[in-house]
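Descriptive analysis of the structure
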Amino acid sequence: MMKTKDFIYIALFTVFAVVLSIIENFIPLSFSIPGLRIGLANIAVLAVLYLYSFKYGLFIILIKNILVFLQFGNIIAFLMSMSGGILSVIFMYIFKRYLNKYFSIYGVSAVGAFFHNFGQILCASIILSNKIIFAYLPILVIIGTFASIVIAKIAELFINRFKNIRGFINE
């Protein structure tokens, strides 16, 4: 059973992810590459995977995507973000849980970025009934890898700071 304090923290992480995602919608990065985003909300997801569990990371992805969809109403962006987010959190969890000897938080973040991009391209390919869109994947993977390093560093700082909060028990 989840403690009230942990419930509040998960709610705060969720709000943090939603706010970062909304802010990111106003950062004009897609002028040269359509749909390009940094993935700032993944700071919260990555932190929750390390501080809590897979189910709460997945919860944040689901709620964040639903709330952002309700805010902006773009069904295509919702489907792509949901497919990329779910695939990302699943593989980040697998690599964190079972391959942690080989992958630091930076590697887990990079894996998450790759599968998020892959999930989005797969979704777009299905929606457009066009496999040629996979040619776009290498560009997204390169940019996503660099962004994932920044995301991991911020998440790592956040995790370390959060663990220092008096009374935090989930080590």
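This structure is a prediction, so every number in the text was calculated from the model and none was measured. (Residues numbered from 1 in each chain as written. Predicted model: local features only at pLDDT ≥ 70, side-chain atom pairs only at ≥ 80, totals over all residues. Heavy atoms only, no water.)

1. So, the overall build of the chain
Looking only at helices and strands, one finds six helices and zero strands in the chain. From first element to last, N terminus to C terminus, the chain shows the α and β order α-α-α-α-α-α. Across its three principal axes, the chain shows a C-alpha extent of roughly 50 × 35 × 30 Å. Within the chain, buried positions represent 40% of all 171 residues. Taking contacts inside the chain between residues at least 6 apart in sequence as the whole, the part at least 24 apart equals 70%. (Helix = DSSP H or I, 4+ residues; strand = E, 2+ residues; numbered from the N terminus. Buried < 20%, exposed > 50% of the residue type's maximum accessible area, 1.4 Å probe, protein only. Contact = heavy atoms within 4.5 Å.)

2. Digging into the packing of helix α3 (residues 54-72) against helix α4 (residues 75-98)
Here α3 crosses α4 at 170°, and the two axes come no closer than 10 Å. By the criterion of interaxial angle, the relationship of α3 to α4 is roughly antiparallel. Mapping the contact onto sequence places Phe54, Gly57, Leu58, Ile61, Leu62, Lys64, Asn65, Ile66 and Phe69 in α3 and Ile75, Phe78, Ser81, Met82, Gly85, Ile86, Val89, Ile90 and Tyr93 in α4. Its residues placed into classes, the contact of α3 with α4 shows 13 nonpolar, four polar and one charged. (Axes fitted to C-alpha atoms, helices over the stretch in contact; angles between N-to-C directions. Parallel < 35°, antiparallel > 145°, perpendicular 65-115°, else oblique. Nonpolar A, V, L, I, M, F, W, Y, C, P; charged D, E, K, R; others polar.)

3. Quick notes on the side chain of Asn65
Here Asn65 shows up in helix α3. Residue Asn65 is classed as buried on the basis of its relative accessible area of 4%. Apart from the residues lying within four places of it in its own chain, the contact partners of Asn65 are Phe78, Ser81 and Met82.

4. Some details on the side chain of Ser88
Mapped onto the secondary structure, Ser88 falls in helix α4. The class of Ser88 is buried, set by a relative accessible area of 2%. Excluding its chain neighbours within four sequence positions, the residues that come into contact with Ser88 are Gly112, Phe115 and His116.

5. Concerning the UniProt feature "transmembrane region" (unreviewed entry) in the chain
Within this numbering scheme, the UniProt entry marks residues 6-27, 39-63, 75-95, 102-127 and 133-159 as carrying the feature "transmembrane region" (unreviewed entry). The span residues 39-63 carries 80% helix and 0% strand; its end-to-end C-alpha distance comes to 16 Å. Its end C-alpha atoms 36 Å apart, residues 133-159 is made of 85% helix and 0% strand. (UniProt positions renumbered as here; feature names shortened; annotations may be inferred.)

6. A closer look at the environment of Ala110
Following the sequence through the fold, Ala110 ends up in helix α5 (residues 105-128). You can call Ala110 partly exposed: its relative accessible area is 25%. Note: C-alpha distance between Ala110 and Thr4 (106 residues apart in sequence) is 32 Å.

7. Topic: helix α6 (residues 137-163)
The α-helix advances 3.6 residues per turn, and as a result positions three or four apart in sequence lie on the same side. The end-to-end C-alpha distance of α6, which contains 27 residues, comes to 36 Å, matching closely the 39 Å that a straight helix rising 1.5 Å per residue would cover. Taken together, the buried positions of α6 are Leu137, Leu140, Gly144, Ala147, Ser148, Ile151, Ala152, Ala155, Ile159 and Phe162. Along its buried surface, α6 packs onto α1 (4-25), α2 (42-51) and α5. (Expected span 1.5 Å × (residues − 1).)

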